[in-house]
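Summary of structural features
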Amino acid sequence: MTRITVAKGDGIGPEIMDATLAILKAADANIEWDEIQIGKQVYLSGNSSGIGGEAWEAIRRNKVFLKAPITTPQGQGYKSLNVTIRKSLGLFANVRPCNSFHPFIHTKHPEMDVVVIRENEEDLYAGIEHQQTEEVVQCLKLITRPGCEKIVRYAFEYARIYNRSKVSCFVKDNIMKHTDGLFHKVFKEIATEYPDIESDSWIVDIGAARLADQPEIFDVIVLPNLYGDIVSDITAQISGSVGLAGTANIGIESAMFEAIHGSAPDIAGQNIANPSGLLRAAVMMLNHIGQQEVAEKINNAWLSVIEKGIHTKDIFREGVSSKLVSTSEFAEAVIEHLGHKPENIEAVIYSKGVQFEIPKYRRKPSAKKVLKGVDVFVDWKGDEANMLAGRLQKLNNGIQLSMITNRGVKVWPNGFDETFCTDHWRCRFEKLDGGEVDKKSIPHILSNAIEEGLDIIKTENLYEFNGERGYSLGQGQ
Ligand code: NAD
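Residues numbered from 1 in each chain as written. Predicted model: local features only at pLDDT ≥ 70, side-chain atom pairs only at ≥ 80, totals over all residues. Heavy atoms only, no water.

1. Points about the packing of aromatic side chains
- Applying the stated rule across the entire model yields 10 aromatic pairs.
- Within the aromatic cluster, the residues linked to one another by ring pairs are Phe 92, Tyr 154, Tyr 158 and Tyr 162.
- Geometry around Tyr 463 places Lys 369 over its ring, the cationic atom sitting 4.3 Å from the centre.
- For the cation-ring pair, Lys 458 lies above Phe 377, with the distance from its terminal atom to the ring centre recorded as 4.8 Å. (Phe/Tyr/Trp six-rings, centres within 6.5 Å; stacked < 30°, edge-to-face > 60°. Lys NZ or Arg CZ within 6 Å of the ring centre and 35° of its normal.)

2. Focus: the site of the ligand
- Neighbouring the ligand are 19 residues, the closest being Asn 82, Gly 262, Ala 264, Asp 266 and Asn 274.
- Taking His 261, its side chain carries an N or O atom lying 3.2 Å from a nitrogen atom of the ligand.
- Protein coverage of the free-state accessible area of the ligand, which is 810 Å², stands at 66%. (Near = heavy atom within 4 Å. Polar contact = N/O pair within 3.5 Å; in protein donor to acceptor, adjacent residues only side chain to side chain. Areas by Shrake-Rupley, 256 points an atom, 1.4 Å probe, with all protein chains shown as cover.)

3. Some words on the domain arrangement of the protein chain
- For the protein chain, the domain assignment lists domain 1 (1-83 + 241-352), domain 2 (108-239) and domain 3 (369-469).
- A C-alpha centroid distance of 25 Å is found between domain 1 and domain 2.
- Taken residue by residue, the interface counts 7 residues in domain 1 and 6 residues in domain 2.
- At the boundary of domain 1 with domain 2, total buried surface from both sides reaches about 630 Å², with 58% on carbon and sulfur atoms.
- Inspection of the region where domain 1 meets domain 2 yields 0 salt bridges.
- In this assembly, domain 1 and domain 2 are joined by 1 residue pair in polar contact (both at pLDDT 80 or more). (Domains from an automatic or database assignment. Contact = heavy atoms within 4.5 Å. Buried area = accessible area lost by both parts, 1.4 Å probe. Salt bridge = Lys/Arg side-chain N within 4 Å of Asp/Glu carboxyl O.)

4. Focus: the sheet that holds strand β2 (residues 31-36)
- If you trace the 10 strands from one edge of the open sheet to the other, you get β2-β1-β3-β12-β11-β4-β5-β10-β8-β9, paired in mixed fashion. At either end of the open sheet lies a strand with only one pairing partner, and these are β2 and β9 (198-203). Strand-to-strand twist of the sheet, defined as the mean angle between neighbouring strand axes without regard to direction, takes the value 20°.
- Relative to β2, strand β1 (residues 2-7) runs parallel, the two sharing 6 bridges. From the neighbouring strand, Arg 3 faces β2, where its bridge partner is Glu 32.
- Along the sheet, helix α6 (residues 179-191) makes contact with β8 (166-171), β9 and β10 (220-223), crossing β8 at roughly 165°.
- Across the sheet, helix α8 (residues 225-238) is in contact with β4 (93-99), β5 (113-119), β8 and β10; its angle to β5 comes to roughly 155°. (Pairing = 2+ DSSP bridges. Helix = DSSP H or I, 4+ residues; strand = E, 2+ residues; numbered from the N terminus. Axes fitted to C-alpha atoms, helices over the stretch in contact; angles between N-to-C directions.)

Written out as structure tokens, the structure is:
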């Protein structure tokens, strides 16, 4: 018996959760549950996180969480509960299988069968944002080696266990050579440990375009958080309906399972929503907790209902579907088909022991880290880079001003008049001979800047690691 936590959520949440739980019960899933309240009512009671202490306790105690969609009230101050839960529980992998059920559910892509594995904790979702000048705000994109290793290894282990033949990586390392570059580098390193699985890499823009056009050329796709967020929604949508896909958020200790869609307030309370997304998430949950037989029984019953054309409104098509059903009637149809296998769609077979452990991250031996300079960021309302350079050169102290960029483009020395400049200037100080910099030079530069009346908003040290430059050059440098 596995004790899980259940949240019925908002909007269509209670309807689709009741349908899902009725099917789990009828299929003899060996589970019990604690129900918690999260979402809209909790937000509106004044809790800006949408989740209270008791709910957290249940989620952390049971470690397996089946969650219906919740409504995030509009307006400032309400934090995304999904992001909070994923990050607080270390649910690093978001797994979203999307396949088509042609000809039973309309899709332009009859052959597609793709699993998107999205990194869930890092990247721009670290949520570290600052306004630095009147004109400029920044969001830090954090990519870490442990984060990349965990997600990439998860993707290859997933491929091996679920008999997938290829893992593709989507990145933008032609532009972000250090952040996306690290993700890509780790992908190539780990791919060599799985010679039985094919691997390839795509620049995310063309990769996403090809995916939208020819999803059948992809199998498993692994990608950083933001690209994963966008690509996984495209993938679900082109498979037929957002109402169909389930998703698993997997961590070392805990896991959360949910439909990919939201609370659909436009159709809430009408008993017309498709419960399939949440049901398929529940099937992933049963696999996760080792109840493969029940998972298989439910999924095959669901496939039988789908191929018989017993459809909810979102997927109902004249000439293809045979019967339009409500949410609860759909659940009854699945229950009636428990024990049936689909005749036209391939039945699923889940083998025992599909859980796998991600090896713990082992820190590499320390690299030789050498300070090579500092980028000093200045809030300055002028527009003549030469004038700013003249003032900055007065700060030289063991290290010299070597370059100024504005929005990453070199504007000094030898900038172009056409380059548009904001009030946010990156001013690089290095040793002219390229040698190691004494860290004490940095506070000297900062105190000289105060004397000079320059508004420094932050500094960023420039390091080499084992002789490799750990910072980007200016565009045009
Ligand atoms: P949505 O996914 O709720 O709805 C988009 C469209 O798809 C609507 O027309 C809806 O009727 C339809 N739809 C969604 N699920 C369906 C289903 N199961 N069956 C039939 N039709 C379905 O997206 P939205 O309208 O942008 O968001 C509504 C609310 O949901 C917002 O408050 C948002 O913050 C929240 N949301 C929550 C989650 C979550 O809890 N995981 C995810 C996304 C959005």
